[in-house]
Amino acid sequence: MERPASATHKIAVFCSGLSRGSNLCALHNYFTQNKLPIEVALVIFTRKDAPAVQLAEEKGLNYHIISTRNMQLFEQQAINLCQQHNIELIALAGFLKQLSENFIADVQVPILNIHPALLPQYGGKGMYGMAVHKAVFASCDKFSGVTIHLVNSQYDKGKIVAQQKVDISSCKSPEEIAEKVLEIEHKLYAPAICQFLLKS
């Protein structure tokens, strides 16, 4: 059965650890403020004490908390929820666990991730958050940026779908780099998802 052209595209956002939820918030705000036919219909957290949980409550988002101590169980529950809510795309936002090949195949929807550097540089296992910005700072790079890519079974190796760089030559610390990069993250992720879902 074909999907009605006017129907809303439903996405899920996965956040792990003590996620602050800034990208989750940016996505929700972008879709609602621009009256786009895209809805954050499901949010999955891995810890009930993550600050992003309160943010989801404030925004009235449908969320579930699933521990990743047993990744096989996590993945099965996540697949069930995605199917129940007719999810068409999963956006990882501060989700640090590696998803298995089986999950990627069985969930049957595209999975996007946002990375705070210009892949293929500064990617791979252990390269997330401040670890990335410290490595960029230590290398004295003049530019950093944001990469949005499809998720496969290897960290940060999936096809790049959007990328934007930012001048960090004036930054005097990894924290300053993080601040500049986060601004780009908030501007790039939602439009990239829109392009992915709404392309003709």
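Our subject is the structure that appears above.
Position numbers for residues count from 1 along each chain, tracking the sequence in the order it is written. Given that the model is predicted, a residue must reach a pLDDT of at least 70 before its local features are reported, and side-chain atom pairs must reach 80 or more before they are shown or counted; all residues, however, enter totals for whole chains, interfaces and linings. Only hydrogens and water are set aside; all other atoms, that is, all heavy atoms of the structure, feed into the side-chain values.

Draft legend 1. Representation of the packing of helix α1 (residues 22–33) against helix α6 (residues 174–198) in the model. Whenever a helix is involved, its axis is fitted only over the stretch in contact; in every case the axis is a line through C-alpha atoms, and angles between N-to-C directions fall within 0 to 180 degrees. Segments assigned H or I by DSSP are reported as helices when at least four residues long, segments assigned E as strands when at least two residues long, and all are numbered from the N terminus. Taken N-terminus to C-terminus, the directions of α1 and α6 make an angle of 50 degrees; their axes are 9 Å apart at the nearest point. Taken together, the axes of α1 and α6 are oblique relative to one another. Here the hand of the crossing between α1 and α6 comes out right-handed. Where α1 approaches α6, its residues Ser 22, Asn 23, Ala 26, Leu 27, Tyr 30 and Phe 31 are matched on the opposing element by Leu 182, Glu 185, His 186, Tyr 189, Ala 190, Pro 191, Ile 193 and Cys 194. For the contact of α1 with α6, the class distribution of residues is ten nonpolar, three polar and one charged. Oblique is the label for every angle not falling under 35 degrees (roughly parallel), over 145 degrees (roughly antiparallel), or within 65 to 115 degrees (roughly perpendicular). Left-handed is the label given to a crossing in which the near helix is rotated counterclockwise from the far helix by less than a right angle, and right-handed is the label when the rotation is clockwise. By the convention used here, residues are in contact when the closest approach between their heavy atoms is within 4.5 Å. For this classification, the nonpolar set comprises Ala, Val, Leu, Ile, Met, Phe, Trp, Tyr, Cys and Pro, the charged set comprises Asp, Glu, Lys and Arg, and every other residue, Gly included, is treated as polar.

Draft legend 2. The nonpolar core, seen in detail. To define a nonpolar core, start from buried Ala, Val, Leu, Ile, Met, Phe, Trp, Tyr and Cys residues and group those joined through side-chain atoms within 4.5 Å. The cut-offs for exposure are 20% and 50% of the maximum accessible area for each residue type, with area from a 1.4 Å probe on protein chains only; residues under the lower value are buried, those over the upper are exposed, and the others partly exposed. If you look at the biggest cluster of nonpolar residues, it comprises 42 residues, and the most contacted ones within it are Ile 11, Val 13, Phe 31 and Ile 193. A total of ten residues in this core trace back to one element, the largest contributor, which is α6. Not counting residues within four places of it along the chain, the set of residues in contact with Phe 31 comprises Ile 11, Leu 36, Ile 38, Val 40, Ala 190, Ile 193 and Cys 194.

Draft legend 3. Focus on the sheet that holds strand β1 (residues 9–15). Two strands pair under a simple rule: DSSP has to find at least two bridges between them. Taken together, the seven strands give an open sheet; going across it, the order is β3-β2-β1-β4-β5-β6-β7, and neighbouring strands pair in mixed fashion. Single-partner strands in this sheet number two, and they are β3 (63–65) and β7 (160–167). Mean inter-strand twist for the sheet, computed between neighbouring axes without regard to direction, equals 20 degrees. Where strand β2 (residues 38–45) meets β3, three bridges bridge the pair, whose relative direction is parallel. Residue pairing across strands places Phe 45 opposite Ile 65, the latter belonging to β3.

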